[in-house]
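Now for the letters of each chain:
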Amino acid sequence: MKQGSINMHRLLPVLAFTMQTDRWINGPLHLSDCWKGPDMRRATVFFTACLLAAACVTRPAEETTVPTEPADTAESDTDTGADVEDAVASVASTTAPDLEPMQVTGSLTYRQRVALPADAVVSLSLWEHGLALYVPEPFHSETIALNGRQVPVPFEINIDKWKETRGTMVRLEARIADAAGTLLWTNNDGTAFTKEAGLVDLGSVRLSPEPEAVVTMPQLAGREWMVARIDGEPLLQTTRATVRFGEDGRISGNASCNAFTGSFKLNAGILTIAPLATTRKACVPQLMEQEQAIISVLQTVSYVEIDETGLLTLQNEEGTLITARQGAS
């Protein structure tokens, strides 16, 4: 309970009324007699009544309030304006179309059935695309460690502030390299598409061998190649198999028992060989089996490579490969 104060304006009339009533009932009260007999009891009752009257007219303490200075109107207006701007910016950040995300999906693949090294890494980058644009670097890039996975390699790219780029077109550049950084596969000039919010599915993105590793006609044609191994296994002893690519697009050779001939095309490092015509000489079963393996690779070849040592590798879609070394020109 809060401490109060006596309201004298109310107490004085009560005291006067109490004293007058006592005088009417008991006669005058002399203070010199207050300590004697009945007058003492009378005085005690009188003063008790006064105390009760004082308690009844006690005024509770009024709560004091500290006046506060009025806020600076200019500052208040400024703060209010800032709050409004923050609120508008907050709403804009959630509704502005410039911040709508774009998701680009697809899968990387290539036609050749060539295994990637276990430590291969995919690099994906998005570039502004347009004839009049000079773009020194991509506006988004990321990598995917394959850890032994093979193609097709699915990918999903999420971009938030893609509309900050110029123009209306975007180009995806994809690379696959080994752990040493040697480029193995690429989509050359990239895959262009129209930039827009939401999902952009590029489907299958076809990769080609790294341009510097692409076999050219001068490297392949005009010489005879001596087959050395089939899937890593050497040829049968005392047997010989050869392949010759002509500069005129003709292919010929000996598959172990029978001679063969046909035509081929070499385009951007991709070798295709038309159905071959062969002689029909019969040989021992082991030799015929070896010959069939060589003809099968040639008829369905999908990958050709000549390494730094001059070793020629031909591989078909089933993954079977033959290797050969240069013979006499």
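Every chain's residues receive numbers from 1 upward, in the order its sequence appears when written. Only residues with pLDDT of 70 or above have their local features reported here, since the model is predicted, and side-chain atom pairs are shown and tallied only from 80 upward, although totals for entire chains, interfaces and linings are computed over all residues. To get the side-chain values, take all heavy atoms of the structure and skip hydrogens and water.

**Some points on the packing of aromatic side chains**
To describe a pair of aromatic rings, you give the distance between the ring centres and the angle between the ring planes.
At step 1: Only centres within 6.5 Å qualify two rings of Phe, Tyr or Trp (six-membered ring in Trp) as a pair; their planes then separate them into stacked at under 30 degrees, edge-to-face at over 60, and tilted for everything else. Within this structure, the stated rule accounts for 3 aromatic pairs.
At step 2: Seen in terms of ring centroids, Tyr110 and Trp185 are 3.7 Å apart; in terms of plane orientation they differ by 5°. Their pairing is stacked. One end of the pair, Tyr110, is in the loop between β3 (102-109) and β4 (121-129); the other, Trp185, is in strand β8 (residues 183-186), and 75 residues separate them in sequence. Note on accessibility: Tyr110 and Trp185 belong to one class, buried.
At step 3: With centroids separated by 5.1 Å and ring planes inclined at 80°, the aromatic side chains of Phe245 and Phe264 adopt a geometry described as edge-to-face. Of this pair, Phe245 sits in strand β14 (residues 242-245) while Phe264 sits in strand β16 (residues 259-267), placing them 19 residues apart in sequence. Like Phe264, Phe245 is buried.
At step 4: By the ring-pair criterion, three or more aromatic residues cluster together here, those being Tyr110, Trp185 and Tyr303. The secondary structure listing takes helices from DSSP runs of H or I that are at least 4 residues long and strands from runs of E that are at least 2 residues long, numbered from the N terminus. Think of it in three bands: residues with accessible area under 20% of the maximum for their type are buried, residues over 50% are exposed, and the middle band is partly exposed, with areas taken using a 1.4 Å probe on protein chains only.

**Focus on the pairing of strand β21 (residues 321-326)**
At step 1: Strand pairing is defined by DSSP finding a minimum of two bridges between the two strands. Looking at chain direction, strand β12 (residues 223-230) and β21 are connected through 5 bridges and run antiparallel. Within β21, the position partnered with Trp225 by the bridge is Gln326.
At step 2: Taken together, the 4 bridges between strand β20 (residues 312-316) and β21 define a ladder with antiparallel strand orientation. Within the sheet, the bridge partner assigned to Thr313 lies in β21 and is Thr323.
At step 3: Turn length for the β20-β21 hairpin, with the two strands adjacent in sequence and antiparallel, is 4 residues, and the turn residue Gly319 shows positive phi of about 95°.

**Comments concerning the environment of Leu298**
At step 1: Assignment of secondary structure puts Leu298 in helix α5 (residues 285-299).
At step 2: A C-alpha to C-alpha distance of 6.6 Å links Leu298 and Ile273, two positions 25 residues apart in sequence.
At step 3: With sequence-adjacent residues up to four places away left out, Leu298 is seen in contact with Val243, Phe260, Ile273, Leu276, Leu314 and Ile322. A contact between two residues is defined here by any heavy atoms of the two lying within 4.5 Å.

**What to know about unusual backbone geometry**
As a rule of thumb, non-glycine residues mostly have phi less than zero, and peptide bonds are mostly trans rather than cis.
At step 1: For the peptide bond that leads from Val151 to Pro152, omega is 0°, which places it in the cis range.
At step 2: Mapping Pro152 onto the fold places it in the loop between β5 (140-145) and β6 (153-159).
At step 3: Here the phi dihedral of Asn147 falls at roughly 50°; this positive angle occurs in a residue that is not glycine.
At step 4: Along the chain, Asn147 turns up in the loop between β5 and β6.
At step 5: Unlike most non-glycine residues, Asn188 shows phi in positive territory, near 55°.
At step 6: Residue position: Asn188 is located in the loop between β8 and β9 (191-194).

**Thoughts on the state of the cysteines**
At step 1: Note that a disulfide, as used here, is simply two cysteine sulfur atoms within 2.5 Å. In the structure shown here, the tally under the stated rule is 1 disulfide.
At step 2: Across a sulfur-sulfur distance of 1.7 Å, Cys257 and Cys283 are joined as a disulfide pair. Taking the sign of the torsion about the S-S bond as the criterion, the disulfide between Cys257 and Cys283, at about 75°, is right-handed. With Cys257 in the loop between β15 (250-254) and β16 and Cys283 in the loop between β18 (277-278) and α5, this residue pair connects regions lying 26 residues apart in the sequence.
At step 3: For Cys283, a relative accessible area of 26% translates into the label partly exposed.

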